[in-house]
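Take a look at the letters that make up each chain.
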Amino acid sequence: MPDPRRTSARRRIAERRAAEAAAQAAALRRRRTVVGGVVAAVLVLVAVVVVVVVQTQRTQPSPAAAVPAGTTDGGTAVALGPDDAPVTVDVYEDPLCPYCARFEAAAGDTLERLAADGAVQVRYRTIAFLDRASTDDYSTRALNAAGVVVDAAGVEAWLRFHDALFAEQPAEVGPGLGDDRLVELAAQAGATGAEVERGIRDLRFADWTEQVTDAASRAGVTGTPTVLVDGEPLPAEELTADGVRAAVEGAAP
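We now turn to the structure provided with this report. Because the structure is a prediction, the values reported are computed rather than measured.

1. Section: the environment of Ala79
Reasoning step 1: As for its position among the elements, Ala79 is in strand β1 (residues 78-80).
Reasoning step 2: For the pair Ala79 and Val122, spaced 43 residues apart in sequence, the C-alpha separation works out to 5.6 Å.
Reasoning step 3: Among all residues touching Ala79, those that are not within four sequence positions of it are Thr72, Gln121, Val122, Arg123 and Val155.

Below is the structure:
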């Protein structure tokens, strides 16, 4: 039989997509010229109702949502480097985003070295924007698995798992890595045991994945990778090791 927790999580994802599509359609209608005062008033009323529904969903996450241990900033990030580092680097990524994989291949080691040296605190903010780009909600499943790993085994295990997800990143449009493989990668990263396996298969942190993704949307993130150095976005052409290093040096006091 289908797992009711997974079914519920996927239903919430579908409902969120439907609300966002309705909001986009309402915005398009508002941009068009409406003939007749009565028609205009009706359309405005519908648009307001849709916007209120979407904002209510985004600003009232489930109060029962579990937040993985090992996260920071209200559960929205996993941090590398000291809290008193002179520069902060926020990295928004989606496990299925091919440009994120390229960024990690180009600059991931540089970020880790800068964090280890105390020059920066890197706050990884993994999100699930791209569920629609897979056939099995892979972004949510992978992010949930990352939450299970950091909850069970800490930041170092999370970093190994994070790197493994990008090393084995599946292609868009098709299925993502299966739960069996996610469990294997978690074990290789250092998170093992029956609780870890159940957490991955049962989407233990499904509500949390929605929360962090919505938080990124509210913060103005519209695509991945988005990299902020002390709050300033790094241009696409500077998403390289040299670009990151130069931005960090420029932001250092």
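Past the structure itself, the notes keep going.
2. Observations regarding the packing of aromatic side chains
Reasoning step 1: In the structure shown here, the tally under the stated rule is two aromatic pairs.
Reasoning step 2: Both rings, one in Tyr124 and one in Trp158, keep their centres 5.5 Å apart while their planes meet at 50°; by these two values the pair is tilted. With Tyr124 in strand β3 (residues 120-126) and Trp158 in helix α5 (residues 155-167), this pair connects stretches of sequence that are 34 residues apart.
Reasoning step 3: For Tyr124, a relative accessible area of 2% puts it in the buried group.
Reasoning step 4: Residues Phe205 and Trp208 carry aromatic rings whose centres are separated by 6.2 Å and whose planes lie at 75° to one another, so their mutual orientation is edge-to-face.

3. As for the pairing of β3
Reasoning step 1: Among the seven residues in β3, six count as buried, and that is most of the element.
Reasoning step 2: As defined by bridge partners, β1 adjoins β3 across three bridges and the pair is classed as antiparallel. Of the residues in β3, the one forming a bridge with Leu80 is Val122.
Reasoning step 3: Looking at chain direction, strand β2 (residues 87-93) and β3 are connected through seven bridges and run parallel. Counterpart to Val89 in the pairing with β3 is Val122.
Reasoning step 4: In this region the chain leaves β2, passes through helix α3 (residues 98-116) and returns to the parallel neighbour β3; the handedness of that crossover is right-handed.

Definitions and limits used
Residues numbered from 1 in each chain as written. Predicted model: local features only at pLDDT ≥ 70, side-chain atom pairs only at ≥ 80, totals over all residues. Heavy atoms only, no water. Helix = DSSP H or I, 4+ residues; strand = E, 2+ residues; numbered from the N terminus. Contact = heavy atoms within 4.5 Å. Phe/Tyr/Trp six-rings, centres within 6.5 Å; stacked < 30°, edge-to-face > 60°. Buried < 20%, exposed > 50% of the residue type's maximum accessible area, 1.4 Å probe, protein only. Pairing = 2+ DSSP bridges. Right-handed = clockwise from strand over helix to strand, strands pointing away.

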